[in-house]
Amino acid sequence: MRFFAAALAFVALTSIARAQAPETIVLRPAAVWTGANEPAHAGWIVVVSEGRIAAVGADAAISLPPGAREVALPGVTLTPGLIDAHTHLLLREYSTESWDDQVLRDSEATRVIRAVGGARATLMAGFTTVRELGTEGAGFADVALRQAQADGAMQGPLLFVATRAIVARGAYGPRRTGWRPDLDLPQGAQEASGVEEVVAAVRDQIAHGADWIKLYGDYRFGNASESRPTFSQAEMNAAVATAHDAGVRVAVHAVTDEGMRRAALAGADTIEHGYNGSAATFRLMARRHVALMPTLAAAETVRRAENANIGRAFRLARAAGVVIGNGSDAGVFPHGQNARELELMVENGMTAREAMRAATAINARVLGLEGRLGLITAGAQADIAGFAGDPTLDIHALHEVVFVMQRGAIVRGRPD
């Protein structure tokens with residue numbers, strides 16, 4: 001009986017494998033932008049096989065395999081699939097529901113259901129990879145979303161997750177000061193105080209599946225309206241060192257100059273926001289190879305006094321030679337509108353091509369996936385987006401998404 005059952009399972013798996021055997025696809029767009037620091041190439045084609053890019057280049061220079069399916073994409077510029085390195089799929093826009101209400105009133109199941117829709121909207125906007133930086137009170141639900149995307153149960157971008165994120169005790173929300181002191185309010189992140197607790201929190205989140213560790217290097221204590229540094233230098237150093245010892249990278253939320261400085265000195269891999277960084281701190285980040293995710297779209301959406309200097313800080317970071325990636329903080333505003341961040345980067349001084357590189361090749365390098373994502377090159381994963389027009393010349397073309405491919409499968413723009 002066991003043999004019979006095993007044989008049936010083998011036959012079933014073999015049948016599934018045959019049914020899902022990948023085909024070779026030849027994409028024929030108007031132009032291809034590879035993610036390199038060069039213009040899009042007219043007349044180029046892309047050959048995709050077994051989920052990867054088999055060849056890219058001038059049509060006449062590529063020998064096509066027999067039986068390949070050709071997909072014509074007239075008027076379309078193909079680019080690498082876009083990467084947003086700061087999202088919150090388990091949040092929905094604050095204009096619909098406040099952060100406090102989402103954390104205190106909505107069940108985790110409700111938030112996961114919404115996240116599935118947000119993930120699909122993000123993918124259909126051409127963003128084939130995201131870095132999820134905190135579940136905001138939804139526990140380890142992002143790990144489940146990552147698994148659902150990986151096994152095909154959810155249509156969405158490839159996910160790199162940070163689970164709960166880590167905050168200093170008393171420096172996050174929901175604020176306890178507005179409630180009875182004997183209530184044990186759920187918090188939007190894991191609280192830790194002192195080196196030992198911080199180290200334990202890092203290890204706990206890694207044990208639950210975190211790809212990245214996120215720390216809040218500053219925030220608003222109690223009823224304060226102004227952010228202040230939270231973790232001491234010793235706590236920050238210990239957290240980063242513990243994560244790096246485990247081979248896990250670290251992102252630090254920091255809007256104050258001192259919070260940024262401590263994060264850079266500790267060896268953080270990315271700093272999120274950086275709205276009030278000084279020229280000296282940005283130079284420190286450049287020397288220590290700490291990347292910046294500006295989240296300009298979040299600052300545009302949630303206007304606070306501490307966000308007022310975002311344009312100045314962005315220009316200082318560029319002048320200092322800081323590596324700038326693309327991270328929008330989607331969730332604060334609607335998922336699927338991630339391209340707004342790139343438009344704001346251009347409005348604040350980047351060229352369209354520079355912004356596109358931030359969302360492709362540069363973000364792939366920040367994530368440790370250089371050569372695998374963020375480029376249209378032989379051997380890279382076949383994550384590709386297509387736009388009516390050329391977003392490396394006009395960033396607003398990102399709103400004209402007509403084609404999305406993920407791991408070699410066409411998920412948007414399948415021909416009839």
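Note: the structure precedes this text.
The rules we used
Residues numbered from 1 in each chain as written. Predicted model: local features only at pLDDT ≥ 70, side-chain atom pairs only at ≥ 80, totals over all residues. Heavy atoms only, no water. Helix = DSSP H or I, 4+ residues; strand = E, 2+ residues; numbered from the N terminus. Expected span 1.5 Å × (residues − 1). Bend = angle between axes of the 7 residues up to and from the residue. Buried < 20%, exposed > 50% of the residue type's maximum accessible area, 1.4 Å probe, protein only. 1 Å grid on protein atoms, 1.4 Å probe; cavity = no way out; pocket = protein on both sides within 12 Å on 5 of 7 lines; lining within 4 Å. Points joined across faces, edges and corners; volume = space filled by probe spheres on them. Phe/Tyr/Trp six-rings, centres within 6.5 Å; stacked < 30°, edge-to-face > 60°. Lys NZ or Arg CZ within 6 Å of the ring centre and 35° of its normal. Nonpolar A, V, L, I, M, F, W, Y, C, P; charged D, E, K, R; others polar. Axes fitted to C-alpha atoms, helices over the stretch in contact; angles between N-to-C directions. Parallel < 35°, antiparallel > 145°, perpendicular 65-115°, else oblique. Left-handed = near helix turned anticlockwise from the far one by under 90°. Contact = heavy atoms within 4.5 Å. Core = buried A, V, L, I, M, F, W, Y, C linked by side-chain atoms within 4.5 Å. Polar contact = N/O pair within 3.5 Å; in protein donor to acceptor, adjacent residues only side chain to side chain. Pairing = 2+ DSSP bridges. Salt bridge = Lys/Arg side-chain N within 4 Å of Asp/Glu carboxyl O.

Trainee: Is there a simple way to think about helix H12 (residues 352-366) in this case?
Mentor: Think of an α-helix as 3.6 residues a turn; residues three or four steps apart then line up on the same face. Across its 15 residues, H12 extends 20 Å between first and last C-alpha, which sits within 8% of the 21 Å expected from 1.5 Å per residue. The largest bend along H12 measures about 45 degrees and falls at Ala358. Within H12, 12 of the 15 residues are buried, leaving the element largely enclosed by the surrounding structure. Positioned one or two residues after H12, Gly368 has a phi angle of 80 degrees, which is positive.

Trainee: Help me out: how do you make sense of empty space enclosed by the protein in this one?
Mentor: Any empty space left between the atoms is revealed when a probe the size of a water molecule rolls over them. Scanning the entire structure with this criterion turns up 1 cavity of 30 Å³ or more. By volume, the largest cavity is sized at about 40 Å³. For the largest cavity, the full set of lining residues is His273, Gly274, Tyr275, Leu292, Pro294, Leu296, Ile310, Ala313 and Phe314.

Trainee: Help me out: how do you make sense of the packing of aromatic side chains in this one?
Mentor: Any pair of aromatic rings gets described here by the distance separating the centres and the angle formed by the planes. A full pass over the atoms with the stated rule returns 1 aromatic pair. Pairing Tyr216 with Tyr219 gives two aromatic rings, centres 5.8 Å apart and planes at 85 degrees, and the pair type is edge-to-face. Taking the relative accessible area as the measure of exposure, Tyr216 reaches 3% and is therefore buried. What makes Tyr219 buried here is its relative accessible area of 15%. Positioned above the aromatic ring of Trp212 is the side chain of Arg131, whose terminal nitrogen or guanidinium carbon lies 4.5 Å from the ring centre.

Trainee: Honestly, the layout of surface pockets in this entry has me stumped. Any pointers?
Mentor: In this structure, the largest pocket occupies an estimated 500 Å³ of space. Around the largest pocket sit 28 residues that line it, and Tyr94, Tyr219, Arg220, His253 and Arg304 are the ones nearest its centre. For the lining of the largest pocket, the elements supplying multiple residues, two or more each, are helix H2 (99-105), strand E11 (212-216) and helix H9 (296-301). When its residues are assigned to classes, the lining of the largest pocket shows 13 nonpolar, 7 polar and 8 charged.

Trainee: Even after reading the chapter, I still don't get the packing of helix H6 (residues 233-245) against helix H7 (residues 257-266), so can you show me in this structure?
Mentor: Helix packing for two helices is described by the angle between their axes and how far apart those axes are. As a packed pair, H6 and H7 sit with axes 9 Å apart at the nearest point and diverge in direction by 45 degrees. Judged by the inter-axis angle, H6 sits oblique to H7. Considering how the two elements wind past one another, H6 and H7 form a crossing that is right-handed. Where H6 approaches H7, its residues Gln233, Met236, Asn237 and Val240 are matched on the opposing element by Arg262, Ala263, Leu265 and Ala266. Looking at the contact of H6 with H7 residue by residue, the class counts come to 5 nonpolar, 2 polar and 1 charged.

Trainee: Where do I start with the nonpolar core in this structure?
Mentor: Inside soluble globular proteins, nonpolar side chains tend to come together where they are buried. Counting 66 residues, the largest nonpolar core has Ile213, Leu215, Met285 and Met345 as its most contacted members. In terms of residue count, the dominant contributor to this core is H12 (5 residues). Those residues in contact with Ile213, other than ones at most four positions away along the chain, are Ile166, Val202, Gln205, Ile206, Ala243, Val248, Arg249, Val250 and Ala251. Counting residues in each nonpolar core, the second largest holds 17 residues, with Leu27, Val46, Val48 and Ile53 among its members.

Trainee: I tried to follow the environment of Arg131 on my own but got confused; where do I start?
Mentor: Along the polypeptide, Arg131 turns up in strand E7 (residues 127-132). Distance in space between the C-alpha atoms of Arg131 and Phe160 is 4.7 Å, their sequence separation being 29 residues. The contacts of Arg131, once residues within four sequence positions are left out, are Asp84, Ala85, His86, Thr87, Phe160, Trp212, Ala251, Thr270, Glu272, Met293 and Leu367. Polar side-chain contacts of Arg131 include one of 3.2 Å to the side chain of Thr270.

Trainee: Any chance you could explain the sheet that holds strand E6 (residues 82-87) here in plain terms?
Mentor: Within a sheet, adjacent strands bond to each other through the backbone by hydrogen bonds, running parallel or antiparallel. Read across the sheet, 3 strands follow the order E6-E7-E8 without closing on themselves; strand pairing throughout is parallel. The open sheet terminates on both sides in strands that have one partner only, identified here as E6 and strand E8 (158-161). The mean inter-strand angle of the sheet, taken between neighbouring strand axes irrespective of direction, is 15 degrees. Across 4 bridges, the pairing between E7 and E8 is parallel. Opposite Glu132, over in E8, you have Val161 as the bridge partner.

Trainee: Whenever I open this one, unusual backbone geometry confuses me. Can you help?
Mentor: Trans is the common state for peptide bonds, and a negative phi is the common state for residues other than glycine. Unusually for a residue other than glycine, Glu50 sits at a positive phi of about 55 degrees. Locating Glu50 in the fold gives a position in the loop between strand E3 (44-49) and strand E4 (52-58). The exposure class of Glu50 is exposed, given its relative accessible area of 65%. A positive phi is found at Thr163, a non-glycine position, where the angle reads about 55 degrees. Note on Thr163: relative accessible area 0%, which makes it buried.

Trainee: Looking at this structure, I do not really get the pattern of salt bridges. What am I missing?
Mentor: If the charged atoms of two oppositely charged side chains come close together, the side chains can form a pair. The final tally for this structure, using the stated rule, is 16 salt bridges. With a closest N to O distance of 2.9 Å, Arg69 and Glu23 form a salt bridge. Separated by 46 residues along the polypeptide, Arg69 in strand E5 (residues 69-80) and Glu23 in the loop between helix H1 (2-19) and strand E1 (25-32) bring together distant segments of the chain. The salt bridge partner of Arg262 is Glu258, with a shortest N-O separation of 2.9 Å. Here Arg262 pairs with Glu258, and both are found in helix H7, just 4 residues apart, close to one helical turn. Residue Glu258 is classed as partly exposed on the basis of its relative accessible area of 25%. Counted as one network, the salt bridges with shared partners bring together Arg92, Glu97, Asp106 and Arg114.

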